[in-house]
Amino acid sequence: MASVRDLKKDIDLIMSLALSDCFYVMEYNNNVDEKAVYEIAGDIVKAHRELRLRAVHPDGKDNPKLVKQYYKKLVQDMLTAADAALEKLSAEVKKVAQ
């Protein structure tokens, strides 16, 4: 693993890209359900906050193997949260397209 600083930057980048997609959808698609998109954006912000907090407070600081597993799980959770949010956003756009 590189560093916690780089991990926090990655969390910021991935979550901000997902959040910006929400706002792009609302800007360029007037028929989309704005309330649902705002809920998705809120979920992204909550996940971002949780991931950032988890990044600076690892479990098992004395054992390098535990720390490595902790950060691997954190990265996996970050990608899962972003993917889930984008899937929900895609579903909202598909509702309008039909």
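Look up: the structure comes first, before these words.
Residues numbered from 1 in each chain as written. Predicted model: local features only at pLDDT ≥ 70, side-chain atom pairs only at ≥ 80, totals over all residues. Heavy atoms only, no water.

Q: What's the story with the overall build of the protein chain in this structure? I'm lost.
A: Scanning the protein chain from N- to C-terminus turns up three helices and zero strands. Tracing the protein chain from N to C terminus, the helices and strands come up as α-α-α. Radius of gyration (C-alpha) of the protein chain: 16 Å, far over the 13 Å computed for a compact globule of 98 residues. The dimensions of the protein chain, computed from C-alpha atoms along their principal axes, are 55 × 20 × 20 Å. Here the protein chain holds 98 residues, and the buried ones make up 29% of them. For the protein chain, long-range pairs separated by at least 24 residues make up 67% of all intrachain contacts whose partners lie at least 6 apart in sequence. In the protein chain, the 16 positive side-chain charges and the 16 negative ones have mean positions that sit 7 Å from each other. (Helix = DSSP H or I, 4+ residues; strand = E, 2+ residues; numbered from the N terminus. Rg over C-alpha atoms; globule rule 2.2 N^0.38 Å. Buried < 20%, exposed > 50% of the residue type's maximum accessible area, 1.4 Å probe, protein only. Contact = heavy atoms within 4.5 Å. Lys, Arg positive; Asp, Glu negative; His and termini not counted. Charge placed at Lys NZ, Arg CZ, Asp CG, Glu CD.)

Q: Would you mind showing me how to read the environment of Asn29 here?
A: Structurally, the position occupied by Asn29 is in the loop between α1 (4-28) and α2 (34-56). Along the sequence, Asn29 and Ala97 sit 68 residues apart, while their C-alpha atoms lie 9.8 Å from each other. Ignoring any residue separated from it by four or fewer positions in sequence, one finds Asn29 in contact with Val93 and Val96.

Q: How should I be thinking about the nonpolar core in this particular structure?
A: A general trend in soluble globular proteins is that nonpolar side chains are found buried together. Counting residues in hydrophobic clusters, the biggest one holds 23 residues, and the most contacted among them are Ile11, Met15, Cys22, Ile44 and Leu74. Taken together, the elements giving at least two residues each to this core come down to α1, α2 and α3 (64-97). Among the elements that make up this core, the one with the highest residue count is α3 (eight residues). Not counting residues within four places of it along the chain, the set of residues in contact with Ile44 comprises Met15, Ala18, Leu19, Cys22 and Ala85. (Core = buried A, V, L, I, M, F, W, Y, C linked by side-chain atoms within 4.5 Å.)

Any functional reading would require information that these geometric values do not contain.
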